[in-house]
Amino acid sequence: MTFLPKPKLHHPKLASNELGFTRRDYEGSISTLCAGCGHDSISAAIIHACFELNLPPHRIAKLSGIGCSSKTPTYFLGSSHGFNSVHGRMPSVLTGANIANRDLIYLGVSGDGDSASIGLGQFAHAIRRGVNMTYIVENNGVYGLTKGQFSATADKGAKSKRGVVNLDEPIDLISMALQLGATYIGRSFSGDKTQLVPLIKGALSHKGAAFIDCISPCVAFNNHEGSTKSFDYVREHNAAVNFLDVIESREEIVADYAPGSVEIVRQHDGSLLKLRKLASDYDATDRIAAMNYLQTHHARGEIVTGLLYVDPEADDMHGYLGTPARPLNAMDDGELCPGSLALERLNASLR
Amino acid sequence: MSQLQAVNDFVVKFANVNGSGSASANKLFAQSVLRMGVPATPRNIFPSNIQGLPTWYEVRISEAGHQGARGGTDLMVQMNPQTWDQDVKSIVPGGYLFYDSTRNVPPSKFRADINVIGMPLTAICNAEYTDSRQRQLFKNIIYVGALSALLDMDPGAIETLLADQFKGRDKIIAANIHALHLGRSYAKLHLACPIGLTVRKADKVGDRIFIEGNAAAGLGAVYGGATVCAWYPITPSTSVAEGFTRYCSRFRVDKETGQKRFAIVQAEDELASIGMVIGAGWNGARAFTATSGPGLSLMQEFLGLAYFAEIPAVIFDVQRAGPSTGMPTRTQQCDLTAAAYASHGDTKHVLLFPEDPYECFTMAAEAFDLADRLQTPIFVMLDLEIGMNDRLCAPFTWDDTRRMDRGKVMTAEELEAGRDFGRYLDVDGDGIPYRTYPGTHPTRGSYFTRGTSRDRYARYTEEGDAYQDNMERLLKKFATARSLVPAPIRRDAKEATKLGAIYFGSTAAAMDEAIELLAADGIAIDALRIRAFPFNDDVEKFIAEHDQVFVVEQNRDAQLRAMLVNELEINPKKLSRVLHYDGSPITARFIAGAIADTASSLKIVPLRKVAT
């Protein structure tokens with residue numbers, strides 16, 4: 001099935017967005033991942049989100065590390081430049097690319113092996129720096145591409161397909177992202193497109209370090225009885241705190257909610273995040289409360305999902321670097337080279 | 001008792017405790033000599049420590065302009081009791097020992113064949129100053145003052161330097177000049193001035209400038225159009241990034257808005273540094289990092305990615321003694337093979353070998369053009385000796401008509417016009433394909449960058465033919481580089497000779513002098529200074545024209561020699577090793593001695609002797 005090329009034709013009535021693109025224009029090659037892989041659902045959600053946000057595909061740069069999830073950029077946004085780098089090191093490459101041209105939209109796709117083991121350091125430091133990016137970890141608790149070893153996000157006590165029990169403490173990337181200052185943090189599940197698509201839309205609109213931990217069951221190695229990242233387990237333990245809608249600035253909000261049940265957050269670019277609360281005591285703009293909530297509910301065995309934290313006042317790395325609006329990669333000799341006169345003066349000071 | 005006599009031709013070595021403020025006083029001394037028109041070459045010998053351990057500052061004063069380390073000390077300024085024994089030992093017979101005579105030193109600690117000059121510096125300081133920091137700092141200026149009398153130097157030159165250094169801070173200038181004269185007056189009154197060694201005004205400095213190699217490299221990066229620097233601190237490369245920061249603050253900040261046309265990120269480690277450089281280079285910005293051996297080891301995987309995916313990057317490797325942590329504050333030229341063949345699999349990288357700060361500037365700027373043109377990492381190989389020592393060099397020049405060579409980048413217009421684009425397609429026969437910057441065209445020109453094999457149109461493939469085709473093209477690209485990188489510089493002896501010497505980088509100063517020493521002994525030798533890898537055709541030609549070629553380098557395993565044998569298929573027997581790698585800078589005496597020994601054992605008769 002996967003060796004057949006995708007037909008270029010599409011239904012004449014297929015909807016187009018404001019740029020005149022259909023959803024097909026945001027697709028990539030056919031996936032070579034296992035049939036039923038959670039990552040393919042995430043790819044579909046990314047396509048959907050970019051289409052709905054009216055993003056020009058060629059203005060998105062998609063970067064990844066190494067692993068099954070890192071293969072996925074080939075399967076979406078075929079008109080974008082992509083960079084499949086080295087294991088655990090996508091964040092530094094993305095940071096450098098972002099520095100060179102602040103105007104593109106940066107999407108970093110990684111996995112739990114890529115970001116929680118070898119890449120833990122780079123994950124942490126990219127977030128610390130506030131790099132303006134959408135960083136998605138497609139989290140299945142195993143190393144899929146090398147055939148099923150536990151990853152660092154595997155829960156303690158979880159059982160592998162062969163019956164081996166994981167004895168190490170798991171790394172929770174969401175908790176780390178909260179502690180390190182990420183300004184948009186969400187967790188979702190590949191099987192819940194209605195939750196995931198708006199989360200991705202919000203992240204792409206957010207100007208700052210946006211991180212999404214998306215549980216994405218590995219049908220080959222971690223979808224069995226005893227797994228804590230299987231479709232069944234996640235469905236049973238999913239505890240969504242809110243439901244997100246991303247509204248572009250021009251649209252109006254229809255005010256028909258029960259008081260206290262909706263939180264509206266306005267972002268820098270004018271877009272609005274409409275959060276319909278499912279857990280009444282959850283405030284997505286309170287970082288410390290979020291940290292507490294997550295620890296408490298995790299201890300009860302719940303997988304907390306939704307938009308977990310957002311800082312509408314966020315700034316990004318370019319703000320801290322003080323770079324001009326004009327991207328560094330567009331500058332010419334006149335702007336960069338001080339010239340011979342300045343050099344003569346410098347020589348004089350060195351005699 | 002003999003007293004060494006020399007005018008403008010001797011070595012002064014200062015032995016201090018590091019962190020005591022001696023560095024600036026010693027530099028003041030060196031600059032004073034320069035201001036008198038006499039070439040002086042200072043060298044820092046410092047421990048891997050911040051405060052409290054021994055440090056030395058060795059100044060070779062040479063009217064003839066010899067800048068290499070000479071070996072031996074003529075005047076020892078001994079300010080650190082901890083290293084007394086070894087310092088006294090290093091003085092040549094008939095030389096001078098200047099020390100702080102405030103504390104009592106038993107006669108057994110001296111030598112009968114050296115001239116001892118004692119001055120009660122601490123006592124003088126304590127009498128003049130009450131604040132302990134002032135006592136420490138001004139003690140150094142006081143001894144500079146004393147030296148100015150002992151060596152018959154012009155105090156006016158020193159005063160002018162102090163005024164320049166502390167411009168606008170009149171109180172400090174006055175205090176320093178006071179300390180200077182305190183030392184000078186004491187010496188004139190109580191010591192035999194001048195001693196046998198003197199500095200006499202000359203006209204041998206010319207318009208040369210005085211700067212360290214790392215700062216020059218940072219400046220070259222600014223002129224070369226670099227906008228992104230991602231780095232991790234490591235001795236001895238940190239001052240490259242600091243230099244870049246300083247010069248960017250001066251030249252790249254918009255006066256009205258304060259906006260910065262550069263970005264400098266201190267990364268969390270060397271892997272992140274090179275990752276950022278590669279991301280920026282991929283996205284069309286000129287980017288670099290600066291590191292040393294241990295950092296280069298960490299970067300290996302990413303360097304292979306940049307090689308195979310063909311992404312421009314510039315890496316300054318300021319080499320230090322290895323392997324492993326090695327000797328962080330000692331010089332060596334030991335990263336050649338690690339850089340030239342960086343990363344697993346079959347790779348070859350471009351290396352540049354500057355000899356002094358002037359070439360650090362020019363080659364730094366050139367490295368960015370080469371990186372963009374060749375779409376590959378370019379290594380600028382400095383070492384601690386060049387990088388962290390101030391050195392007289394030719395003044396920097398810049399041709400204002402020069403423009404950045406961005407290499408083969410396909411534009412939106414070209415893509416729109418339907419021009420065929422294959423990221424790994426050789427169109428001109430030089431092995432270099434076209435690339436596109438991300439975000440260029442709405443529907444054309446995008447491609448996937450990855451470290452895996454792919455075809456000419458960047459489509460993933462595991463087919464053997466496509467893989468091999470690509471690997472061969474990379475070799476073709478490397479061959480193209482031979483004509484683009486700096487050519488070697490050849491210097492032939494006056495007489496025809498079948499002996500040759502090949503050298504590079506910081507060996508240059510010692511080599512120039514060694515050639516003169518050998519010539520005086522009747523051994524004529526042609527010399528070739530290699531300035532880059534891949535090797536220019538002239539290198540092979542040079543070796544072919546000589547019967548025996550000495551390869552002079554500062555590492556244990558003769559790395560350049562190995563590369564010559566490997567790349568040019570030279571018979572190893574033709575290349576003799578001359579190796580110096582104890583962490584100190586190589587000297588002319590060492591080179592000349594090694595070559596003379598081998599030359600005599602080869603029974604190659606010097607031409608002059610044949611005539612009789």
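Right above here is the structure, for reference.
Read on for an overview of the structure. (Residues numbered from 1 in each chain as written. Chains lettered and ligands numbered in written order. Predicted model: local features only at pLDDT ≥ 70, side-chain atom pairs only at ≥ 80, totals over all residues. Heavy atoms only, no water.)

## Side note on the overall build of chain B
Stage number 1. Each helix and strand counted, chain B has 21 helices and 24 strands in total.
Stage number 2. For chain B, whose C-alpha radius of gyration is 27 Å, the value lies close to the compact-globule estimate of 25 Å for 612 residues.
Stage number 3. Based on the C-alpha atoms only, the size of chain B along its principal axes is roughly 85 × 75 × 40 Å.
Stage number 4. Counting over 612 residues, chain B shows a buried share of 59%.
Stage number 5. Counting only contacts in chain B whose residues sit at least 6 apart along the sequence, the fraction spanning at least 24 positions is 76%.
Stage number 6. Put simply, chain B shows about 23400 Å² of open surface, and 50% of that area lies on carbon and sulfur atoms.
Stage number 7. Where the 66 positive side-chain charges of chain B centre and where its 72 negative ones centre are 4 Å apart. (Helix = DSSP H or I, 4+ residues; strand = E, 2+ residues; numbered from the N terminus. Rg over C-alpha atoms; globule rule 2.2 N^0.38 Å. Buried < 20%, exposed > 50% of the residue type's maximum accessible area, 1.4 Å probe, protein only. Contact = heavy atoms within 4.5 Å. Areas by Shrake-Rupley, 256 points an atom, 1.4 Å probe, with all protein chains shown as cover. Lys, Arg positive; Asp, Glu negative; His and termini not counted. Charge placed at Lys NZ, Arg CZ, Asp CG, Glu CD.)

## Here we look at the interface of chain B and chain A
Stage number 1. Taken residue by residue, the interface counts 65 residues in chain B and 54 residues in chain A.
Stage number 2. Here chain B and chain A share an interface that buries about 5000 Å² over both sides, 62% of which is from carbon and sulfur atoms.
Stage number 3. At the junction of chain B and chain A, the tally comes to one salt bridge.
Stage number 4. Ionic pairing is found between Glu268(B) and Arg129(A), a salt bridge with its closest N-O pair at 2.8 Å.
Stage number 5. Secondary-structure elements contributing two or more residues to the side of chain B that touches chain A are strand S9 (209-212), helix H7 (213-223), helix H8 (238-251), strand S11 (263-266), helix H9 (270-282), helix H11 (300-309) and strand S18 (448-450) of chain B.
Stage number 6. Per element, the largest residue contribution to the side of chain B that touches chain A is eight residues, and it comes from H9(B).
Stage number 7. Looking at the side of chain B that touches chain A residue by residue, the class counts come to 34 nonpolar, 17 polar and 14 charged. (Buried area = accessible area lost by both parts, 1.4 Å probe. Salt bridge = Lys/Arg side-chain N within 4 Å of Asp/Glu carboxyl O. Nonpolar A, V, L, I, M, F, W, Y, C, P; charged D, E, K, R; others polar.)

## Quick word on the packing of aromatic side chains
Stage number 1. Enumeration over the complete set of coordinates arrives at 29 aromatic pairs over all chains.
Stage number 2. Seen in terms of ring centroids, Phe189(A) and Phe231(A) are 5.9 Å apart; in terms of plane orientation they differ by 65°. Their pairing is edge-to-face. Of this pair, Phe189(A) sits in strand S7 (residues 184-189) while Phe231(A) sits in helix H8 (residues 231-237), placing them 42 residues apart in sequence. With respect to class, Phe189(A) is no different from Phe231(A); both count as buried.
Stage number 3. A cation sits over an aromatic face here: Arg246(B) above Tyr247(B), 5.2 Å from the ring centre.
Stage number 4. Positioned above the aromatic ring of Phe308(B), the side-chain terminus of Arg454(B) is 4.5 Å from the ring centre. (Phe/Tyr/Trp six-rings, centres within 6.5 Å; stacked < 30°, edge-to-face > 60°. Lys NZ or Arg CZ within 6 Å of the ring centre and 35° of its normal.)

## Some remarks on the sheet that holds strand S4 (residues 54-62) of chain B
Residue and element names in this part refer to chain B.
Stage number 1. If you trace the six strands from one edge of the open sheet to the other, you get S3-S4-S2-S5-S6-S7, paired in mixed fashion. Taken across any chain shown, the strands that pair with only one partner, and hence form the sheet edges, are strand S3 (40-45) and strand S7 (115-119). Strand-to-strand twist across the sheet, computed as the mean angle between neighbouring axes with direction ignored, equals 15°.
Stage number 2. Bridge count for strand S5 (residues 73-78) against strand S6 (residues 91-100) is five bridges, and the pairing is parallel. In the sheet register, methionine 76 faces S6, and the bridge partner there is leucine 97. (Pairing = 2+ DSSP bridges. Axes fitted to C-alpha atoms, helices over the stretch in contact; angles between N-to-C directions.)

## Focus on unusual backbone geometry
Residue and element names in this part refer to chain B.
Stage number 1. At the junction of threonine 235 and proline 236, the peptide bond is cis and its omega measures out at 0° in the coordinates.
Stage number 2. Within the secondary structure layout, proline 236 lies in the loop between strand S10 (228-231) and H8.
Stage number 3. In the segment running from phenylalanine 533 into proline 534, the intervening peptide bond is cis, with an omega of 15°.
Stage number 4. By the secondary structure assignment, proline 534 is in the loop between strand S22 (532-533) and helix H18 (537-544).
Stage number 5. If you check the backbone angles, glutamate 310 has positive phi at about 65° while not being a glycine.
Stage number 6. Tracing the sequence through the fold places glutamate 310 in the loop between H11 and strand S13 (313-321).
Stage number 7. Backbone geometry at alanine 558 places phi at a positive 50°, although glycine is not the residue there.
Stage number 8. With respect to the secondary-structure elements, alanine 558 resides in the loop between strand S23 (548-553) and helix H19 (559-568).

## A few points about the pattern of salt bridges
Residue and element names in this part refer to chain B.
Stage number 1. Counting across every chain of the model gives 45 salt bridges over all chains.
Stage number 2. Note that glutamate 513 and arginine 60 form a salt bridge whose closest N and O atoms lie 2.6 Å from each other. One end of the pair, glutamate 513, is in helix H17 (residues 507-520); the other, arginine 60, is in strand S4, with 453 residues separating them in the sequence. There is no split in this pair, since glutamate 513 and arginine 60 are both buried.
Stage number 3. Here lysine 408 makes a salt bridge to aspartate 428, at a shortest N to O gap of 2.5 Å. With lysine 408 in the loop between strand S17 (390-393) and helix H15 (412-416) and aspartate 428 in the loop between H15 and S18, this residue pair connects regions lying 20 residues apart in the sequence.
Stage number 4. A residue is classified by how much of its surface remains accessible, and lysine 408, at 5% relative accessible area, is buried.
Stage number 5. What emerges from the salt-bridge pattern is a single network uniting Arg286, Asp369, Asp372, Arg402, Arg406 and Arg435.

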